[in-house]
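As a plain string of letters, each chain reads:
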Amino acid sequence: MVGTQPLAELDPIADPLSWTGEITVGTAERAVDPITASPAPDLPATVTDAQGTEVTVTDTSRILALDLYGSLSRIVFELGLGENVVGRDVSSGFPEIADRPVVTSNGHELTGEAILDLAPTVILTDTTLGPWDVVLQMREAGIPVVVLDSQRSLETSDDLARATGEALGLPAEGEALAERTSAAVETTLEHVASLAPTDPALRPRVVFLYVRGQSGVYYLFGDESGADSLIEGLGAVDAAGEVGWTGMRPLNDEGLVAMRPDLVLLMTGGLESVGGVDGLLEQVPALAQTPAGENRRFVAMDDTEILSFGPASADVLDALARAFYAPESLS
């Protein structure tokens with residue numbers, strides 16, 4: 001479901017803990033809006049990447065931008081170099097990149113053969129995809145590989161745009177995209193703040209679950225996972241971070257019950273992998289002992305959107321705020 005009425009015009013429900021039932025929400029479709037229609041990379045561009053490796057990029061005619069969230073590829077498109085992108089990761093799901101071949105397999109594993117077949121002149125990635133041997137293989141093949149910071153949050157979206165622009169010889173465009181992204185996020189955060197309860201007691205306690213039922217993967221995301229930044233940006237309480245849960249760790253039933261979440265945030269693909277809410281409650285019985293489980297209060301968003309910090313951050317905040325505080329506005 002998506003909402004069309006401007007976020008600033010919505011009237012929130014009196015009690016965000018009163019609605020029941022699961023909601024699947026998506027962002028309003030927004031076309032790529034390049035900072036420039038005629039980018040002219042200043043090459044060679046030499047940068048020191050997030051791992052301290054000095055990398056020189058001499059050719060941006062065939063780009064691969066790969067990460068777990070699909071953020072990097074969207075940034076490259078927004079910088080105006082979308083026509084130069086020759087492949088994609090499975091998380092890059094926006095329409096403009098849909099016709100590019102996928103170079104990841106089994107979800108998020110880099111496939112060396114598929115990458116080499118595309119003959120990239122530069123690869124942008126981070127440490128969220130593996131195996132790392134594939135990255136080393138690409139460097140050994142003579143391909144410049146720039147490893148960017150894997151930390152994702154609302155606060156780092158602009159830094160990622162700057163770093164990507166610098167690596168591709170477009171520092172001014174990277175700065176412009178960073179400023180546009182930051183301004184959009186700040187404006188949306190202000191609108192969200194007007195919807196969220198001012199009484200701390202009414203703010204929903206939220207946990208983010210990463211589920212892959214076919215693989216038996218049930219992870220709870222806490223501090224420094226990116227999910228914490230999203231939850232707090234929505235004016236809610238990060239119930240996992242509150243108890244010191246850090247990073248992405250296997251779900252603990254006892255800990256989940258102690259967190260007392262009012263709402264569970266998750267990816268649509270994960271929810272589908274366990275057969276929907278009924279299947280999730282069956283696979284994770286502890287959920288039924290929480291306010292979220294008792295009220296079947298689950299909010300799901302597409303895997304390619306929910307943690308795609310970057311140019312789409314403001315849209316993600318907008319959509320989730322509607323689900324949290326004005327569910328009747330969704331259609």
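Residues numbered from 1 in each chain as written. Predicted model: local features only at pLDDT ≥ 70, side-chain atom pairs only at ≥ 80, totals over all residues. Heavy atoms only, no water.

Chemist: In this structure, what is going on with the overall build of the chain? I would like to understand it.
Modeler: Along its length, the chain carries 12 helices and 14 strands. Relative to the globule expectation of 20 Å for 331 residues, the C-alpha radius of gyration of the chain, 20 Å, shows essentially globular dimensions. Counted over contacts in the chain with a minimum sequence separation of 6, partners at least 24 positions apart contribute 68%. Just so you have it, the chain exposes about 13,600 Å², and 47% of that area is on carbon and sulfur atoms. The averaged location of the 52 negative side-chain charges in the chain is 2 Å from the averaged location of its 17 positive side-chain charges. (Helix = DSSP H or I, 4+ residues; strand = E, 2+ residues; numbered from the N terminus. Rg over C-alpha atoms; globule rule 2.2 N^0.38 Å. Contact = heavy atoms within 4.5 Å. Areas by Shrake-Rupley, 256 points an atom, 1.4 Å probe, with all protein chains shown as cover. Lys, Arg positive; Asp, Glu negative; His and termini not counted. Charge placed at Lys NZ, Arg CZ, Asp CG, Glu CD.)

Chemist: I tried to follow the nonpolar core on my own but got confused; where do I start?
Modeler: Membership of the largest hydrophobic core comes to 39 residues, with the highest contact counts inside it found for L230, L265 and F324. Contributing elements (two or more residues each) for this core: β1 (23-25), α5 (171-195), β9 (205-212), α6 (227-233), β13 (263-267), β14 (298-301) and α12 (313-325). By residue number, the principal contributor to this core is α12, which donates nine residues. Every residue in contact with L230, bar those within four places of it in the chain, is listed here: L154, L265, I306, L307, F309, V316, L317 and L320. Counting 26 residues, the second-largest nonpolar core is a separate cluster that includes V47, L72, V122 and L168. (Core = buried A, V, L, I, M, F, W, Y, C linked by side-chain atoms within 4.5 Å. Buried < 20%, exposed > 50% of the residue type's maximum accessible area, 1.4 Å probe, protein only.)

Chemist: Whenever I open this one, the side chain of R100 confuses me. Can you help?
Modeler: Its location among the elements puts R100 in the loop between α1 (71-81) and β5 (104-105). For R100, a relative accessible area of 13% puts it in the buried group. For R100, the side chain forms a polar contact with the side chain of D99, separated by 2.8 Å. Setting aside residues up to four positions removed in sequence, R100 forms contacts with F77, G82, V85, V86, G87 and R88. (Polar contact = N/O pair within 3.5 Å; in protein donor to acceptor, adjacent residues only side chain to side chain.)

Chemist: Sorry, what's going on with the sheet that holds strand β4 (residues 63-65) here?
Modeler: The pairing of strands in a sheet comes from backbone hydrogen bonds and takes either a parallel or an antiparallel form. Pairing in this open sheet of three strands is parallel, and the strands run β4-β7-β8 from one edge to the other. Only two strands of the sheet have a single neighbouring strand rather than two, namely β4 and β8 (145-147). Sheet twist, expressed as the average angle between the axes of neighbouring strands with direction ignored, equals 15 degrees. Where strand β7 (residues 122-125) and β8 come together, three bridges link them in parallel fashion. Within β8, the residue paired with L124 across the bridge is V146. (Pairing = 2+ DSSP bridges. Axes fitted to C-alpha atoms, helices over the stretch in contact; angles between N-to-C directions.)

Chemist: Help me out: how do you make sense of the pairing of β7 in this one?
Modeler: A regular strand places its side chains so that they alternate between the two faces of the sheet. What you see with β7 is no split at all: V122 and L124 on one side and I123 and T125 on the other are buried throughout. In the classification by handedness, the crossover that spans β7, the intervening helix α3 (residues 132-140) and the parallel β8 is right-handed. (Right-handed = clockwise from strand over helix to strand, strands pointing away.)

Chemist: It is not clear to me how the side chain of T268 should be interpreted in this structure. Could you clarify?
Modeler: Tracing the backbone through its elements, the reader meets T268 in helix α9 (residues 268-273). Not counting residues within four places of it along the chain, the set of residues in contact with T268 comprises T24, A300, M301, D302 and D303.

Chemist: I keep staring at a negative patch on the surface and nothing clicks. Help me out?
Modeler: Taken together, the side chains of E155, E186, E190 and E232 make up a negatively charged region of the molecular surface. With respect to the helices, strands and loops of the structure, E155 is situated in the loop between β8 and α4 (157-167). (Patch = residues over 30% accessible without salt bridge, like charges linked within 9 Å, V, L, I, M, F, W, Y side chains within 5 Å. Salt bridge = Lys/Arg side-chain N within 4 Å of Asp/Glu carboxyl O.)

Chemist: So what exactly am I meant to see when it comes to the packing of aromatic side chains here?
Modeler: Centre-to-centre distance and the angle between the planes together describe a pair of aromatic rings. Tallying each qualifying case throughout the model produces four aromatic pairs. Measuring from centroid to centroid gives 5.9 Å for F324 and Y325, while their planes differ by 75 degrees, and the two rings are edge-to-face. Following the ring pairs from residue to residue traces out a cluster consisting of F208, Y210 and F221. The side chain of R74 reaches across the aromatic face of F94, ending 5.2 Å from its centre. The ring of W245 carries the charged tip of R249 above its face, separated from the ring centre by 4.0 Å. (Phe/Tyr/Trp six-rings, centres within 6.5 Å; stacked < 30°, edge-to-face > 60°. Lys NZ or Arg CZ within 6 Å of the ring centre and 35° of its normal.)

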